[in-house]
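# Observations on the model geometry
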Amino acid sequence: MNNVTVTAVVKHMKKTPALSGVSMTFGGGVINGIVGPNGAGKTTLLRCMANLLTPESGTIAFETGGQKLTPAQAKKFIAYFPQEPSLYPDLSCAEHMQFFRALYSLNAADFKKRSDGLFAATGMGRFRARKAGALSGGMYKKLGLMCVLLNNPEFLFLDEPTIGVDPVSRRELWELIHRFSAGGMNVVMSTSYMDEALRCGRVFVLNSGRLIAAGAPHKIMEDFKLKKFEDIFLK
Amino acid sequence: MKQFLTNVYAVALKEYKHIVRDPFTLAVALVMPLVFVFCFGFIIDLDYKHIKITVRDNDQSAESRRFLYMLSAGGYFDLTPVHSPLAADEDLYKNKFPGLMIIQKNFGKNIRAGDVQNPARVQLMADGADNARAGIILNYMTAVSQEAEKIFGSSPRFNADMVRTRFLFNPELNNRWFIVPALSTIIIALLSILLTALTVAKEWENGSMELLLSTPVRPYEIVAGKLAPYFGLSFFNILLIFILAVLVFKIPFNGSFILYLSACVIFIIGALALGILISIITRSQTAAIQFAFAIGMLPGFVFSGFIFPIENMPAFFRGLTFIFPQRWFLTISRSLFLSDASFSALAVPFICLTIFSCVMVLLSVKKFKKDVEP
């Protein structure tokens, strides 16, 4: 089983507290959602897990294949796709895949197999030659996912992947994420859309850098006696 | 009218807030004028003084000593006597001294005799590779010779024409020979610094750096990968300038081409790494461009010896020129174009250039952030 255990993590961005001692365990088998309004600390937590930020205190431990790893050691098992547009507008989809193939040191046979699989799974095969700058919001996100998934990671961290995406593309993205999760990948994604929280198997609700609830979304609604999920932030 | 003023005030107030809240723009607006006035005020001194000339006085007469005194009295020439003809030539060819003056035997006797058949002769050989300095040497020499005419008595006793000046490396003091080899320094430094100054900042600004850093790629691999294509581009440019200089401007290339290429490689690596370092520090394309222009242009024109003589600068600024690679590459470029300078003659510029490039590459790798910490 692939687990990520976050223990008492504290992180300030400049002088503002972004995470104030959060602890949680992200287990595999379900989609883990980090839910919260803007400024809740979702991106900071994902960046800490992806080894892009170092917590001031607390630990983050990865467990995969029976071995325990730090974020730095686990880097080769992690795929992280940030919220901001982060692809190269003048490179085509195929060129992006080739670039990430080199970064992940994949051999030609593995690359072909995975690349073809990803193009087929995302329905992006027709757009291999299209430049990233000319893709729609949904296709752009799919390309980003394809790039980071080339490495066949154990952990997939997605920072608000559906933001700015039309409803059809959003549904397609969710289908893809479900498929990866069902395939054994530990998927952790952040979202500020409360309807998306309900699609996750397990959610961790953050507010102002603190964990205010964790568990299955319907269980949280029952426990907190919520009519709508977003009401949790009013409690 | 009232609406106009209200709108202008609103926009002006917004701009004012942008400026005071952006430390870089504020620094450019307030500090740059001071830096420019301070630097240029001290550095721009077109009145060449203390030009080092070695003197071989083969006559050692009262007249020759008088002539040399007149030369040094104005403060324009610092004279260093030498007795070995070989040492004097070597000093000139190794760029230790920009001029060598030879006072011929019987200089004093010929003045006293006033014999038309045997005039008093002085020969001056000056380094023509530095065109501006060579021109000034010629002007000063003419003025001093005319003064000597008045003192020694005009022809046949002494005639200003009897001071023969010959310019080595650039006999006709062709301006292009002087400027084009130096221009390659300015162009390549600016281009190389500017090209790479944008690359890392662009990745930070468009968010792709975060994605890149989340992959297993290491900082030195990113730096090397970013340097490689721009190195090729800059190297192509420097070869293009070289071909234009030789074929179009007909500038002779007298030195070792291998030495020239080696200097180009070291210089380009240093300039590209400096650009990367600017990009790493600023993380903003606008700030990187401003920095790159300031660091690429100003030292190229001011601290390299391209226009203003380094030897005329105050000690502090003279010391400052040591850290700018443009100074060293310009010295190597001019020396290899116009004279057949050997590696030993160019050892100091080569060492300084290499140190600069190594420091820039190491700093770029060290300063390259492996995370997205603010």
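Quick notes on the rules
- Residues numbered from 1 in each chain as written.
- Chains lettered and ligands numbered in written order.
- Predicted model: local features only at pLDDT ≥ 70, side-chain atom pairs only at ≥ 80, totals over all residues.
- Heavy atoms only, no water.
- Helix = DSSP H or I, 4+ residues; strand = E, 2+ residues; numbered from the N terminus.
- Rg over C-alpha atoms; globule rule 2.2 N^0.38 Å.
- Buried < 20%, exposed > 50% of the residue type's maximum accessible area, 1.4 Å probe, protein only.
- Contact = heavy atoms within 4.5 Å.
- Areas by Shrake-Rupley, 256 points an atom, 1.4 Å probe, with all protein chains shown as cover.
- Lys, Arg positive; Asp, Glu negative; His and termini not counted.
- Charge placed at Lys NZ, Arg CZ, Asp CG, Glu CD.
- Polar contact = N/O pair within 3.5 Å; in protein donor to acceptor, adjacent residues only side chain to side chain.
- Pairing = 2+ DSSP bridges.
- Right-handed = clockwise from strand over helix to strand, strands pointing away.
- Phe/Tyr/Trp six-rings, centres within 6.5 Å; stacked < 30°, edge-to-face > 60°.
- Lys NZ or Arg CZ within 6 Å of the ring centre and 35° of its normal.
- Domains from an automatic or database assignment.
- Buried area = accessible area lost by both parts, 1.4 Å probe.
- Salt bridge = Lys/Arg side-chain N within 4 Å of Asp/Glu carboxyl O.
- Nonpolar A, V, L, I, M, F, W, Y, C, P; charged D, E, K, R; others polar.
- Axes fitted to C-alpha atoms, helices over the stretch in contact; angles between N-to-C directions.
- 1 Å grid on protein atoms, 1.4 Å probe; cavity = no way out; pocket = protein on both sides within 12 Å on 5 of 7 lines; lining within 4 Å.
- Points joined across faces, edges and corners; volume = space filled by probe spheres on them.
- Core = buried A, V, L, I, M, F, W, Y, C linked by side-chain atoms within 4.5 Å.
- pLDDT = per-residue confidence, 0-100.

## Focus on the overall build of chain B
Tallying secondary structure elements over chain B gives 14 helices and five strands in all. Rg of the C-alpha trace for chain B: 27 Å, well past the compact-globule value of 21 Å for 374 residues, more than 25% over. Counting only C-alpha atoms, chain B reaches 90 × 60 × 35 Å along its principal axes. The buried share among the 374 residues of chain B stands at 47%. Excluding contacts between residues fewer than 6 apart, the proportion of contacts in chain B whose partners are at least 24 apart in sequence is 78%. Entry remark: accessible area of chain B is about 18100 Å², with carbon and sulfur atoms responsible for 66%. Charge centroids of chain B, computed over 33 positive and 26 negative side chains, lie 3 Å from each other.

## Quick word on the side chain of A:Ser190
Mapped onto the fold, A:Ser190 is located in strand S8 (residues 186-191). Polar side-chain contacts of A:Ser190 include one of 2.7 Å to the side chain of A:Asp159.

## Considering unusual backbone geometry
With glycine set apart, most residues show a phi of negative sign, and most peptide bonds adopt trans. Residue and element names in this part refer to chain A. If you check the backbone angles, Ser208 has positive phi at about 50° while not being a glycine. For Ser208, the location among the structural elements is in the loop between strand S9 (202-207) and strand S10 (210-215). Positive phi outside glycine occurs at Lys225, with the angle close to 55°. Its place among the elements puts Lys225 in the segment after helix H7 (217-223). Residue Lys225 is classed as exposed on the basis of its relative accessible area, which comes to 70%.

## Digging into the pairing of strand S2 (residues 77-81) of chain B
Residues and elements named next belong to chain B. Of the strand pairs in this sheet, strand S1 (residues 51-57) and S2 are connected by five bridges, and their pairing is parallel. Bridge pairing in S2 links Ile51 to Phe77. Regarding the hand of the β-α-β motif, the stretch spanning S1, helix H3 (residues 62-73) and S2 is right-handed.

## As for the packing of aromatic side chains
Residue and element names in this part refer to chain B. Under the criterion given, the structure shown has 27 aromatic pairs over all chains. Ring plane angle 20° and centroid distance 6.2 Å describe the contact between Phe303 and Phe317, whose orientation is recorded as stacked. Here Phe317 lies in helix H12 (residues 315-320) and Phe303 lies in helix H11 (residues 285-303), a separation of 14 residues in the sequence. For the residue pair Phe303 and Phe317, the accessibility class agrees, reading buried in each case. Taking 5.4 Å as the distance between ring centres and 70° as the angle between the ring planes, the aromatic pair formed by Phe322 and Trp328 counts as edge-to-face. Its relative accessible area of 45% is what places Phe322 among the partly exposed residues. Arg327 extends its terminal NZ or CZ atom over the ring of Phe322, reaching a point 4.8 Å from the ring centre.

## Things to note about the domain arrangement of chain B
Residues and elements named next belong to chain B. Taken domain by domain, chain B comprises domain 1 (51-168) and domain 2 (175-367). In this structure, domain 1 and domain 2 have C-alpha centres spaced 39 Å apart. Taken together, the contact between domain 1 and domain 2 spans seven residues of the former and seven residues of the latter. Buried area between domain 1 and domain 2, summed over both chains or domains, comes out near 670 Å², and the portion from carbon and sulfur atoms is 49%. On inspection of domain 1 and its partner domain 2, the count reaches zero salt bridges. Viewed at the interface, domain 2 and domain 1 are joined by zero residue pairs in polar contact (both at pLDDT 80 or more). For the side of domain 1 that touches domain 2, the per-class residue count stands at two nonpolar, two polar and three charged.

## Quick notes on the sheet that holds strand S7 (residues 155-159) of chain A
All names here are of chain A. The six strands lie next to each other as S6-S7-S8-S3-S9-S10, forming an open sheet whose pairing is mixed. Two strands lie at the open edges of the sheet, namely strand S6 (78-81) and S10, each paired on one side alone. Adjacent strand axes in the sheet meet at a mean angle of 15°, parallel and antiparallel pairs treated alike. Running at roughly 160° to S6, helix H4 (residues 137-149) makes contact with S6 and S7 of the sheet.

## Things to note about the layout of surface pockets
Size it by volume and the second largest pocket reaches roughly 620 Å³. If you go around the second largest pocket, you meet 21 residues; those closest to its centre are A:Tyr88, B:Thr199, B:Glu203, B:Lys226 and B:Tyr230. Looking at the lining of the second largest pocket, the elements with two or more residues in it are helix H2 (93-103) of chain A together with helix H7 (175-206), helix H8 (208-213) and helix H9 (219-248) of chain B. Per-class residue counts for the lining of the second largest pocket are 12 nonpolar, four polar and five charged.

## A short note on the nonpolar core
Of all hydrophobic cores here, the largest spans 125 residues; its most connected members are A:Phe26, A:Leu45, A:Met49, A:Leu156, A:Phe157 and A:Phe229. In terms of residue count, the dominant contributor to this core is helix H10 (residues 257-282) of chain B (10 residues). When we break this core down by domain, the ones giving at least three residues each are domain 1 (51-168) and domain 2 (175-367) of chain B. Once you skip the residues sitting within four places of it in the chain, A:Leu45 turns out to touch A:Val6, A:Leu19, A:Val22, A:Met24, A:Phe26, A:Ile34 and A:Leu206. Counting 29 residues, the second-largest nonpolar core is a separate cluster that includes B:Phe67, B:Met70, B:Val122 and B:Val144.

## A short note on the confidence of the model for chain B
Residue and element names in this part refer to chain B. Scored by pLDDT, chain B comes out at a mean of 83, with 93% of its residues at no less than 70. The element-level mean pLDDT for chain B is lowest in helix H4 (residues 85-93), coming to 65, with helix H14 (residues 347-367) highest at 93. Our summary of model confidence lists the complex with pTM equal to 0.76 and ipTM equal to 0.87.

## A closer look at the pairing of S1(B)
All names here are of chain B. Counting buried residues along S1, six of its seven residues qualify, which places the element largely inside the surrounding structure. In this sheet, strand S3 (residues 99-103) lies alongside S1 in parallel orientation, the contact comprising five bridges. Counterpart to Arg56 in the pairing with S3 is Ile102.

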